[in-house]
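Chain by chain, the residues run as shown.
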Amino acid sequence: MSEGVGVDLENVWIRFGDFVAVREANVQINGGEFFSFLGPSGCGKTTILRAVSGFLEPSDGNVLIGGNNMAGFGPNERPTALIFQNLALFPLMKVWENIAFSMEVRGASAGERRKRADELLDMIALSGQGDKLPSELSGGQKQRVAIARALCAEPDVLLLDEPLSALDLKLRQHMRSELREIQKRVGITFIYITHDQGEALTMSDSVAVMKAGIIDQIADGKSIYDDPATAFVASFVGENNVFRGKVKSVSKDSAIIETNRTGNLRARISSDNQGKLKVGDDAMMFIRPEALDISTNDTSSDTRIKARVTHSEFEGQSYHVFLEGTEGKEMKMSLINRGEDRMYERGKELYLDFDANQAVALPAGELASE
Amino acid sequence: MKTDSLLIRIGLGFYLVLFFTYLLGPLVLMSITAFNSPSFPQATPWEVLTFEWFNVLYNDARIVNGIKNSFIIGFFTVILSVIMGLAGALVLTQIWPKIRATFYTIIIAPILIPGVVLGISTLVFWDRVNVMLGLPNDSFLHNGILLTVLGQSTFIASYCMLVFVARLQRYDLGLTEAALDLGATHTQAFRKIQLPFLAPAIGSASVLAFLASFENYNTTTFTFGKYPTLTIELAQKVRYGINPSISALAFIIVCLTVLFALVHEVRNRRVQLAIANGAPVGAVTSGFKLPKIFAGNPVAVVLALFVAVAVAVISYAQFYDPEPAKAIILQEKRAAQQLRIEELQRKLKDKRLQKNLKGPDIFNEGKSKIPKLEEKKQKTPFGSGIFSPNNLNKVAPGAETPAPAPKPASPFGSVFDPTNLNKVAPKE
């Protein structure tokens, strides 16, 4: 797995005039890793990708591929291949010519090119489609041709710029596993750009979450979800109930937050922030909807919230119950469908329990907008 | 309501007829004159179907030479203009946005400058360059073809650029980036990706440039030197009077234009049809499958009819000889002339008889001037201005004919035109 070529960003800044697109990015991507940049649109993740592929030079800092500084090397001199958001298949070339383009510019003969293209067509399960034009293929087929074209260049690093965003849901889910499959087979480093957290979490070995040019957290998918480093990550990845307040007391790995409307609640301090939260700091507490459960106990506790049902939704695998706490504090609870009827009526009063380990206390910060 | 819509329909139909008459009428009329025998281009009266004007055209060395020069100049103008236009368009689409508007204005200016000015300035500029380089007066910089190509290209390149800009706006720069990313050099990316994308625009820019060059007069008129183009030759010809060989040339040009337009349209439709039905484009662009095309493709049918008519006309021309018919018409003309002369003589006799009986009739003079002609020889007793020789000379030749002979629309044609008579006489 670690045989591939790694990519390092050392203190990379990218500015356009006064606008800072990427601020002090430090990333180490191991060889053979499936690495994702996750963030809302306009957060600078595509800019990072263009800096890696060589379409723009960082204003400051270095891009290293396989330990070599890439400064001054153009996109055609780097061992990278980029899969564009719109795929950028050459519309006037046949599919096989598209795939073998990187060999054509190196001067390979038509016979060689055709042979290699047919091999790759086999790999992406499009045998016999080589003589079509890209416009005659479906969205998913084009997708695979773009991947084959990039792989034909035998890059050390494959860069993917939201390649699935144009596909419909079913195909997207199918392509996710296919991409992962291909990555495991060829064993090269994949750097994947997406705003879709589902894609990032399911496919990646590591995920970097970006916000407005800043990388907030780099970790594997489970840590990103369960142990977010900032309020932004907690709110951007998955759904979360937010409770604002102040730190009332701190122990080594947990804190009691005096929330504005819901009283004192206990939460684990996320591992990146242990030792940083002080009593009296502005803090935020996050509880996932699926971490809440209905309590049979009605005594007050720092892991128990009292709330009133506003409405309920049934979504097949789970019920979503929307509640209102004291002073109108909105919350959402998700319950796995185990055959019980969880369609609570409006106005029903419930006590909600949570495990303090599944609640995360973080320093107050900017949240991801909906 | 019903009558209203009927009125609108009639009005619309009338308008359409009017519109197309205005648009195509001159072309149709002119095409007809190419096949009519009178030596002045005229559609009515129809005399005899003839192809001699095509022959005359073919044997007119100046016209043929003009066409040759036009083609040479057109060819080089296309090359120069397309290259300059493409370069300009590439710069325009990639230039820093802030100076794009300024650059555009500068590069589009030659279109707005009158061609006459461009012609003069081309002449003056290259003459100065010639002097500065210390070249002799007959150097290549005074060559008519070179100067005309340079002069025309100044503004035709701008037309080409507009065509390229329109195409380039639809070009995805990501394609060039993708090529670079796959290891292509900038030259390879341009040649293998961007240039093929621009191919249709290069085609249409070439056609546009050639047509603009072919029909250009006002710039060329200053620069042609020893190499007059077709437009120059035509303009010079018109000064000395024209014959229907020009109509014949125009007819050929119209036919070629229609033919190429139809072929292009048919091709377009086939490709579109293929795309709409999900068939690969290669299936229609290679190989000729006529029967399928005729189904639901009126343009193809029109084209087929057009070709059939052309073939029929040409094969008819192989054995058709208008000379006997012409001779008949000439005879008819002669006979009519003879009749008129006899009638004239009879009238003269009558007048003389009357005069002998009653003496000269003053009140009749205005209606018929023939008696005056006769009286001229006699001594006039009246001394009036009407009998002055100057006056008489003016009115005398047209006196009996109801309309002046040279007018082509006259019901008598040019039967009484003495020059005409001289022309046709030797052919008998």
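Just so you know, these numbers come straight off a predicted model, no measurement behind them.

**What to know about the overall build of chain B**
Line of reasoning, step 1. A tally of helices and strands in chain B yields 18 helices and 0 strands.
Line of reasoning, step 2. In chain B, which comprises 428 residues, the share counted as buried stands at 32%.
Line of reasoning, step 3. Carbon and sulfur atoms provide 69% of the accessible area of chain B, an area that totals close to 26600 Å².

**Things to note about the overall build of chain A**
Line of reasoning, step 1. Scanning chain A from N- to C-terminus turns up 9 helices and 20 strands.
Line of reasoning, step 2. Of all intrachain contacts in chain A linking residues separated by at least 6 positions in sequence, the fraction that spans at least 24 positions is 66%.
Line of reasoning, step 3. Split by element, the accessible area of chain A, about 16700 Å² in all, is 45% carbon and sulfur.

**Overview of the layout of surface pockets**
Residues and elements named next belong to chain B.
Line of reasoning, step 1. Roughly 1800 Å³ of volume is contained in the largest pocket.
Line of reasoning, step 2. The set of elements that each furnish at least two residues to the lining of the largest pocket consists of helix H2 (52-59), helix H3 (61-94), helix H8 (186-215), helix H10 (230-239) and helix H11 (245-276).
Line of reasoning, step 3. The biggest single contributor to the lining of the largest pocket is H11, with 16 residues.
Line of reasoning, step 4. Residues that form the lining of the largest pocket fall into these classes: 35 nonpolar, 11 polar and 4 charged.
Line of reasoning, step 5. When residues of the lining of the largest pocket are assigned to domains, at least three map to each of domain 1 (30-39 + 244-320) and domain 2 (60-243).

**A look at the sheet that holds strand E6 (residues 80-83) of chain A**
Picture the strands of a sheet paired through backbone hydrogen bonds; they go either parallel or antiparallel.
All names here are of chain A.
Line of reasoning, step 1. What the 6 strands build is an open sheet, ordered E6-E7-E8-E3-E9-E10; its pairing is mixed. For this open sheet the edge positions go to E6 and strand E10 (214-219), each flanked by a neighbour on one side alone. Neighbour-to-neighbour, the strand axes of the sheet open up by a mean angle of 15 degrees, direction not taken into account.
Line of reasoning, step 2. One ladder, built from 5 bridges, connects strand E3 (residues 34-38) with strand E8 (residues 189-194); its direction is parallel. By the bridge assignment, Ser36 is partnered in E8 with Tyr192.
Line of reasoning, step 3. Contacts from helix H5 (residues 139-152) reach E6 and strand E7 (157-161), with the element oriented near 170 degrees to E6.
Line of reasoning, step 4. This element, helix H6 (residues 169-186), spans E3, E7 and E8 of the sheet and lies at about 160 degrees to E8.

**Describing the packing of H3 of chain B against H10 of chain B**
Residue and element names in this part refer to chain B.
Line of reasoning, step 1. Look at H3 against H10: their axes get within 7 Å of each other, and the N-to-C directions meet at 150 degrees. As judged from the angle between their axes, H3 and H10 are roughly antiparallel. For the pair H3 and H10, contact is made by Arg62, Ile63, Gly66, Ile67 and Ser70 and by Leu230, Glu233, Leu234, Gln236 and Lys237, respectively.
Line of reasoning, step 2. When its residues are assigned to classes, the contact of H3 with H10 shows 4 nonpolar, 3 polar and 3 charged.

**Describing the confidence of the model for chain B**
As a general rule, the predicted coordinates of low-pLDDT regions are not to be interpreted in detail.
Residue and element names in this part refer to chain B.
Line of reasoning, step 1. Per-chain confidence: chain B averages 77 in pLDDT, with 76% of residues scoring 70 or above.
Line of reasoning, step 2. Low pLDDT (under 50) marks residues 383-389, which in the prediction has 10 contacts with non-local residues, meaning those over four places away or in another chain.
Line of reasoning, step 3. Note on residues 391-428: pLDDT is under 50 here. Beyond four places in sequence and across chains, it has 41 contacts.
Line of reasoning, step 4. Here the predicted complex carries an ipTM of 0.79, next to a pTM of 0.69.

**Considering the environment of Arg15 of chain A**
All names here are of chain A.
Line of reasoning, step 1. Structurally, Arg15 is set in strand E1 (residues 7-16).
Line of reasoning, step 2. What makes Arg15 partly exposed here is its relative accessible area of 34%.
Line of reasoning, step 3. Each C-alpha atom, one on Arg15 and one on Thr47, is 9.9 Å from the other, the two residues being 32 residues apart in sequence.
Line of reasoning, step 4. Setting aside residues no more than four positions away along its own chain, Arg15 makes contact with Val20, Ala21, Ser59 and Asp60.
Line of reasoning, step 5. Here Asp60 takes part through its side chain, which lies 3.4 Å from a polar atom of the side chain of Arg15.

**A short note on the interface of chain A and chain B**
Line of reasoning, step 1. Each partner contributes to the interface: chain A provides 24 residues, whereas chain B provides 19 residues.
Line of reasoning, step 2. Across the chain A/chain B interface, buried area totals approximately 1800 Å², and carbon plus sulfur atoms make up 64% of it.
Line of reasoning, step 3. At the junction of chain A with chain B, the criterion picks out 2 salt bridges.
Line of reasoning, step 4. Lys192 of chain B is paired through a salt bridge with Glu104 of chain A; the nearest N and O atoms lie 2.9 Å apart.
Line of reasoning, step 5. When residues of the side of chain A that touches chain B are traced back to their parent elements, those giving at least two are helix H1 (45-53), E6, helix H3 (101-104) and H5 of chain A.
Line of reasoning, step 6. A class-by-class count of the residues in the side of chain A that touches chain B yields 15 nonpolar, 5 polar and 4 charged.

**Re the environment of Gly280 of chain A**
Residues and elements named next belong to chain A.
Line of reasoning, step 1. You can see Gly280 is positioned in the loop between strand E13 (263-269) and strand E14 (282-287).
Line of reasoning, step 2. Given the relative accessible area of 42%, Gly280 is considered partly exposed.
Line of reasoning, step 3. With 34 residues separating them in the primary sequence, Gly280 and Lys246 have C-alpha atoms 5.6 Å apart.
Line of reasoning, step 4. Not counting residues within four places of it along the chain, the set of residues in contact with Gly280 comprises Lys246 and Val247.

**Quick look at the nonpolar core**
Line of reasoning, step 1. Ranked by size, the top nonpolar core spans 66 residues in total, and within it Leu9, Phe37, Ile48, Phe90 and Phe101 of chain A together with Phe164 of chain B carry the most contacts.
Line of reasoning, step 2. The biggest single contributor to this core is H8 of chain B, with 8 residues.
Line of reasoning, step 3. If we skip the residues at most four places from it in the chain, Phe37 of chain A touches Leu9, Val27, Lys45, Ile48, Ile191, Tyr192, Ile193, Thr194, Ala208, Met210 and Ile215 of chain A.
Line of reasoning, step 4. Core analysis: the next-biggest nonpolar cluster, separate from the first, contains 35 residues, Leu120, Ile147, Ala150 and Leu160 of chain A among them.

**So, the pairing of E3 of chain A**
Residues and elements named next belong to chain A.
Line of reasoning, step 1. Most of E3 sits out of view: 5 of its 5 residues are buried.
Line of reasoning, step 2. The alternating pattern of E3 places Phe34, Ser36 and Leu38 and Phe35 and Phe37 on opposite faces, both of which are buried.
Line of reasoning, step 3. Pairing between E3 and strand E9 (residues 206-211): 4 bridges, direction parallel. Within E9, the position partnered with Ser36 by the bridge is Val207.

Basis of the calculations
- Residues take numbers from 1 onward in each chain, read along the sequence in its written order.
- Following the order in which they are written, the chains are lettered starting with A and the ligands numbered starting with 1.
- pLDDT decides what is reported in this predicted model: residues at 70 or higher carry local features, side-chain atom pairs at 80 or more are listed and counted, and totals for whole chains, interfaces and linings draw on all residues regardless.
- By convention in this description, side-chain values take in all heavy atoms of the structure and omit both hydrogens and water.
- Going along the chain from the N terminus, every DSSP run of H or I of four or more residues is numbered as a helix, and every run of E of two or more is numbered as a strand.
- Residue exposure (1.4 Å probe, protein chains only): buried if accessible area is under 20% of the type maximum, exposed if over 50%, otherwise partly exposed.
- Using a 1.4 Å probe, accessible areas were evaluated by the Shrake-Rupley method; residue-level cover was limited to the displayed protein chains.
- Between two residues, a contact is recorded if the distance between any of their heavy atoms is within 4.5 Å.
- A cavity, in this analysis, means grid points on a 1 Å lattice covering only the protein atoms where a 1.4 Å probe fits yet has no way out; a pocket is instead an open set bounded by protein on both sides within 12 Å along at least five of seven lines, and a residue lines either one if it has an atom within 4 Å of a point.
- Grid points are joined across faces, edges and corners, and a volume is the space filled by probe spheres set on the points.
- Note on residue classes: Ala, Val, Leu, Ile, Met, Phe, Trp, Tyr, Cys and Pro are nonpolar, Asp, Glu, Lys and Arg are charged, and everything else, Gly too, is polar.
- Here the limits of each domain have been adopted from an automatic or database domain assignment.
- The pairing criterion is simple: DSSP has to find at least two bridges between the two strands.
- The axes used here are C-alpha line fits, helices contributing only the stretch in contact, and every angle between their N-to-C directions lies in the interval 0 to 180 degrees.
- Oblique is the label for any angle not covered by the other classes, which are roughly parallel (under 35 degrees), roughly antiparallel (over 145) and roughly perpendicular (65 to 115).
- What pLDDT expresses is the predictor's confidence in each residue, scored from 0 to 100.
- Two N or O atoms form a polar contact when they lie within 3.5 Å of each other; inside protein one atom must be a possible hydrogen donor and the other a possible acceptor, and for residues adjacent in sequence the pair counts only when both atoms belong to side chains.
- For any pair of parts, buried area is found by adding up, for both, the accessible area (1.4 Å probe) each one loses once the two are put together.
- We define a salt bridge as a side-chain nitrogen of Lys or Arg found within 4 Å of a carboxyl oxygen belonging to Asp or Glu.
- Remark: nonpolar core denotes a set of buried residues (Ala, Val, Leu, Ile, Met, Phe, Trp, Tyr, Cys) joined through side-chain atoms within 4.5 Å.

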